[in-house]
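# An overview of the molecular structure
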Amino acid sequence: MNNTTSFTLIAPAKLNLFLHINGRREDGYHELETLFTFLNFGDELTFELIDTPDIFITGDTKGIPLTDNLIYKAALLLKTQSKTRLGVKINLIKRLPMGGGVGGGSSDAATTLLALNKLWKIDRSLDELARLGLQLGADVPVFVRGQSAIAHGIGEELHQVELEQKWYCVVHPNQHVSTATIFTHPDLKRDTPKILGDWKHHTLTNDCEPLVKKLCPEVEKTLQWLLKYAPSKMTGTGSCCFVEFASQVQAQDVLANLPHTWQGFIASSVNISPAHTELAAIFDQ
Ligand SMILES: C[C@](O)(CO)[C@H](O)COP(=O)(O)OP(=O)(O)OC[C@H]1O[C@@H](n2ccc(N)nc2=O)[C@H](O)[C@@H]1O
Ligand SMILES: Nc1ncnc2c1ncn2[C@@H]1O[C@H](COP(=O)(O)OP(=O)(O)OP(=O)(O)O)[C@@H](O)[C@H]1O
């Protein structure tokens, strides 16, 4: 039995390599077709078991009220479901821009579910954790499963894919784009037909991009600036934009020239989420 009582995990960023919107359901959620990859860069979460029933969150939580924090919500959900008497202290180092389309909040939530499942010895399956995660957000299940995937439904029907490893330069234009604002906007394109056959043979776009460029000129500027280096794309509902390369040096070159008004990072893609790799190294030796 593994009695580890404290450990640190990366809650990785995701990129939507394409994002098609196929329609809108009656509950307002959208039917999507999207390709998720994970990056080996993200927030850092440290979990420490405590024997009182509390959930304490410390670190970079400024601007997020405790009960809105997806880390707290995930911990509370699992605690309620499992009826455990144990508690936890969770420290967050925030590296992913909020509202940036790289899924920081969802990744934090999924990493918390995965970590507490081990720390509290609850032993839920990934299927159960993904189902719980969906209550917290459409993007949480993919982070719970932790494998690059094509998603359908509202983002929860996942089909694992193996992607070639690439390097990315991800740029945040210092703008927060609200996912809800984009998904409720009348001008959002919602009628892209479902891909028939192999997605690799199709034109792959982000259907949110034209609307976000219109609402947020800084995103348009970022995409234009990145075009000097490679075809540029936006992830999720924005605002982060990215370019893809075969080598780290090429991605580094873009970052070195980035205008000071924007932030960026470079990272490599991974088929398995770092949260899973790290958790396996701690608990499955
Ligand atoms: C755009 C993506 O990031 C692509 O990966 C996700 O679909 C968004 O996932 P998320 O942030 O976890 O989304 P949620 O927190 O569940 O929902 C945020 C807002 O987006 C809308 N939303 C989300 C997902 C979806 N398939 N259709 C939607 O219309 C919801 O109605 C809600 O108003
Ligand atoms: N731990 C958290 N980290 C980041 N955001 C959080 C967290 N908890 C709650 N939130 C809320 O969730 C909102 C969305 O945050 P997030 O960083 O996941 O956006 P995003 O990257 O655009 O997500 P997505 O790509 O899933 O749409 C934030 O504006 C914030 O109010």
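Below or above, wherever it landed, is the structure these notes cover. (Residues numbered from 1 in each chain as written. Chains lettered and ligands numbered in written order. Predicted model: local features only at pLDDT ≥ 70, side-chain atom pairs only at ≥ 80, totals over all residues. Heavy atoms only, no water.)

### What to know about the site of ligand 2
Spelled out, the test is: Being near a molecule or strand, for a residue, means having at least one of its heavy atoms within 4 Å of it. Definition of a polar contact: a pair of N or O atoms within 3.5 Å, with one able to donate and the other able to accept a hydrogen when the atoms are protein atoms, and with sequence-neighbouring residues admitted only if both atoms are side-chain atoms. Surface exposure here means Shrake-Rupley accessible area, sampled with a 1.4 Å probe, where a residue is shielded only by the protein chains that are shown. Throughout, the protein atoms alone are placed on a 1 Å grid, and a set of points is a cavity if a 1.4 Å probe fits but cannot get out or a pocket if it is open with protein on both sides within 12 Å along at least five of seven lines; lining residues have an atom within 4 Å of a point. Being in a pocket or cavity means that more than half of the molecule's atoms lie within 2 Å of its grid points. The helix and strand labels rest on DSSP assignments: H or I over at least four residues marks a helix, E over at least two residues marks a strand, and numbering proceeds from the N terminus.
In the region of ligand 2, 21 residues are neighbours, and G101, G103, G105, D139 and T179 sit closest. Between G100 and ligand 2, the recorded distance is 3.3 Å, taken from a backbone N or O atom to an oxygen atom. One of the backbone nitrogen or oxygen atoms of V102 is found 3.2 Å away from an oxygen atom of ligand 2. A total of 610 Å² of accessible area belongs to ligand 2 in isolation, and the protein chains cover 80% of it. More than half of the atoms of ligand 2 fall within 2 Å of the grid points belonging to the largest pocket. Of all the secondary structure elements, the ones that give two or more residues to the shell around ligand 2 are α1 (70-82) and α2 (104-119). The biggest single contributor to the shell around ligand 2 is α2, with four residues.

### What to know about helix α7 (residues 217-226)
The condition is simple: Burial classification: accessible surface area is computed with a 1.4 Å probe over protein chains only, and a residue below 20% of its type maximum counts as buried, one above 50% as exposed, and the rest as partly exposed. The directions from the helix axis to the C-beta atoms are what the arc is built from.
Of all the positions in α7, only V219, T222, L223, W225 and L226 are classed as buried. Considered in projection along α7, the buried side chains sweep an arc of 165 degrees and stay on one side of the axis.

### A word on the layout of surface pockets
Condition: Grid points are joined across faces, edges and corners, and a volume is the space filled by probe spheres set on the points. Following the grouping adopted for this structure description, the nonpolar residues are Ala, Val, Leu, Ile, Met, Phe, Trp, Tyr, Cys and Pro, the charged ones are Asp, Glu, Lys and Arg, and the polar ones are all others, Gly among them. By convention here, the domain bounds are inherited from an automatic or database domain assignment.
Space inside the largest pocket adds up to approximately 1,100 Å³. S106, D139, T179, A180 and T237 are the residues nearest the centre of the largest pocket, which is lined by 45 residues in total. At the level of secondary structure, the elements contributing two or more residues to the lining of the largest pocket comprise β1 (6-24), β2 (30-50), α1, α2 and α5 (179-184). For the lining of the largest pocket, the residue count by class is 18 nonpolar, 20 polar and seven charged. Two domains each donate at least three residues to the lining of the largest pocket, and these are domain 1 (6-162 + 271-283) and domain 2 (167-270).

### Examining the nonpolar core
To keep things clear, this is the line we draw: Throughout, nonpolar core names a set of buried Ala, Val, Leu, Ile, Met, Phe, Trp, Tyr and Cys residues whose side chains join them through atoms within 4.5 Å. We call two residues contacting when some pair of their heavy atoms lies within 4.5 Å.
Ranked by size, the top nonpolar core spans 39 residues in total, and within it F7 and F47 carry the most contacts. A per-element tally of this core places α2 first, with seven residues. When sequence neighbours within four positions are dropped, the list of residues in contact with F7 reads L45, T46, F47, A115, L119, L279, I282 and F283.

### What to know about the pairing of strand β4 (residues 87-93)
Look at any regular strand and the pattern is simple: side chains alternate between the two faces of the sheet. As a reminder of what qualifies: By this definition, two strands are paired if DSSP reports at least two bridges between them. Throughout, right-handed denotes a crossover for which the path from the first strand over the helix to the second runs clockwise when the strands point away from the viewer.
Judged from the seven bridges that link them, β2 and β4 form a sheet pairing that is antiparallel. Residue pairing across strands places L45 opposite L92, the latter belonging to β4. Inspection of the sheet shows strand β3 (residues 55-59) paired to β4 by five bridges, in the parallel sense. Residue pairing in the sheet places I57 in a bridge with I90 of β4. On the question of chirality, the crossover connecting β3 to the parallel β4 by way of α1 is left-handed.

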